Amino acid sequence: MKTYKIAVIAGDGIGPEVIDAGIEVLKKAAALDSTFQFQFTYFPWGCEFYTKHGKMMDENGIDQLKEFDAIYLGAVGFPGVPDHISLWDLLLRIRKEFDQYVNIRPVRLLKGAKTSLMDVKREDINMLFIRENSEGEYSGAGEWLFKGRENEVVMQNSVFSRKGTERIIRYAFETAKNQKRSLTSISKANALNYSMVFWDQVFEEVSAEYPEVETSSYLVDAAAMLMIKDPKRFEVVVTSNLFGDILTDLGAAIAGGIGLAAGANINPERNYPSMFEPIHGSAPDIAGKGIANPLAAIWSASQMLDFFGYESYGKEVLNAIEELLTEGQVLTPDMGGTASTQEVAERIVEIM
Ligand code: ATP
Ligand code: MG
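The rules we used
- Residues numbered from 1 in each chain as written.
- Chains lettered and ligands numbered in written order.
- Predicted model: local features only at pLDDT ≥ 70, side-chain atom pairs only at ≥ 80, totals over all residues.
- Near = placed C-beta within 6 Å.
- Nonpolar A, V, L, I, M, F, W, Y, C, P; charged D, E, K, R; others polar.
- Core = buried A, V, L, I, M, F, W, Y, C linked by C-beta atoms within 7 Å.
- Buried ≥ 20, exposed ≤ 12 C-beta atoms within 10 Å, placed from the backbone.
- Contact = placed C-beta atoms within 7 Å.
- Helix = DSSP H or I, 4+ residues; strand = E, 2+ residues; numbered from the N terminus.
- Pairing = 2+ DSSP bridges.
- Axes fitted to C-alpha atoms, helices over the stretch in contact; angles between N-to-C directions.

Enquirer: Which residues make up the site of ligand 1, and what values go with them?
Expert: Close to ligand 1 lie 17 residues, the nearest being Gly259, His280, Gly281, Ala283 and Asn293. Class assignment for the residues of the shell around ligand 1 results in eight nonpolar, six polar and three charged.

Enquirer: Lay out the nonpolar core in plain terms, naming residues and giving numbers.
Expert: Residues Ile71, Ile130, Ile298, Val317 and Ile321 are the most contacted members of the largest nonpolar core, which totals 104 residues. Setting aside its immediate chain neighbours within four residues, Ile321 contacts Leu110, Leu295, Ile298, Trp299 and Ile348.

Enquirer: Tell me about the pairing of strand S12 (residues 274-278), and please be specific about residues and values.
Expert: Counting buried positions along S12 yields five of five residues, so the element is predominantly enclosed. Judged from the four bridges that link them, strand S11 (residues 262-266) and S12 form a sheet pairing that is antiparallel. Bridge pairing links Ala262 to Pro278 in S12.

Enquirer: Could you give an account of the sheet that holds strand S4 (residues 102-108), naming the residues involved and the relevant values?
Expert: The mixed open sheet is built from 10 strands, whose spatial order is S2-S1-S3-S12-S11-S4-S5-S10-S8-S9. Each edge of the open sheet is held by one strand with a lone partner, namely strand S2 (36-42) and strand S9 (215-219). Adjacent strand axes in the sheet meet at a mean angle of 25° when their direction is disregarded. Helix H9 (residues 295-307) contacts strand S3 (70-75), S4, S11 and S12 of the sheet and is inclined by roughly 155° relative to S12.

Everything listed here is a matter of coordinates, which is why it stays silent on function.
Rendered as structure tokens:
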């Protein structure tokens, strides 16, 4: 029997609540199959840890995580700890150190889920965002050039390397080719006259290697509008770190809400663990009440199953989510129901 070692960083706010739910579902999937199981190891890292130790995770945290097959992350961030610290000292650090340069975020309207758009068919909202996850606008490079109120000047640099740009675009082409779907590149070359001109150029170059993949290219502003007005244009989408972050929140809004949006941070070479997480934050306003929607965390658990090669179980989890949504009986308050996080998890497991 194969044992997958999962590092669990439940984190802050609703993180632990939704991760508990996701773990129930992972355990259920493993119970359906006698060839694999999961072993979960918990790490108490996050903002509470920060208030005690002045850092978000152990000094040698990256070394501790290295030996795991995957990381399952809830959410980090809580009032009182500056967002850029909680983000950089844990989430972005793990993404970078483990070279998880692919961020996969489905923007797909599941059966039974409600969209905020009018006049749109369910099948029209079925995008797969592939977001660059290691550099770009999130390079962390910059400088406080001049301090002092009057003349204050701050610089924040984007870094687009040949290696970093090519590998994400190539990954997107491979995905589009395998799924027999079109690929859209989203950039902003009219205003960002170095980085995005380069991005477009690399997209063109790599595209020549994939004549079978139909491509299109949009400016990010036009893409934001078209995702609302004509979402069926978009199938597989590749874009930069910042644009991907923003557009997938927009995507969450049209595909059933932030409580349903999942994300996977992948190191395709599998030299390091990949990380699975709901894309929502720690939601301090509803933390501790037991009413957080666990479906995003559960969907990311399904992505983890896919990643380990158990696509049939990944699909089964998604089917269970669709059935639960279609029944409409056991939903958390953000989806108009009265059920608790735990009740949703139990119903999903029951359906499976
Ligand atoms: P971060 O900076 O970590 O992204 P944030 O404050 O921008 O955090 P969220 O924590 O995602 O964003 O919260 C945004 C809103 O969505 C809040 O009102 C929160 O209660 C709600 N929300 C987020 N996740 C969930 C969830 N799983 N279930 C129900 N409501 C949620
Ligand atoms: Mg946010």
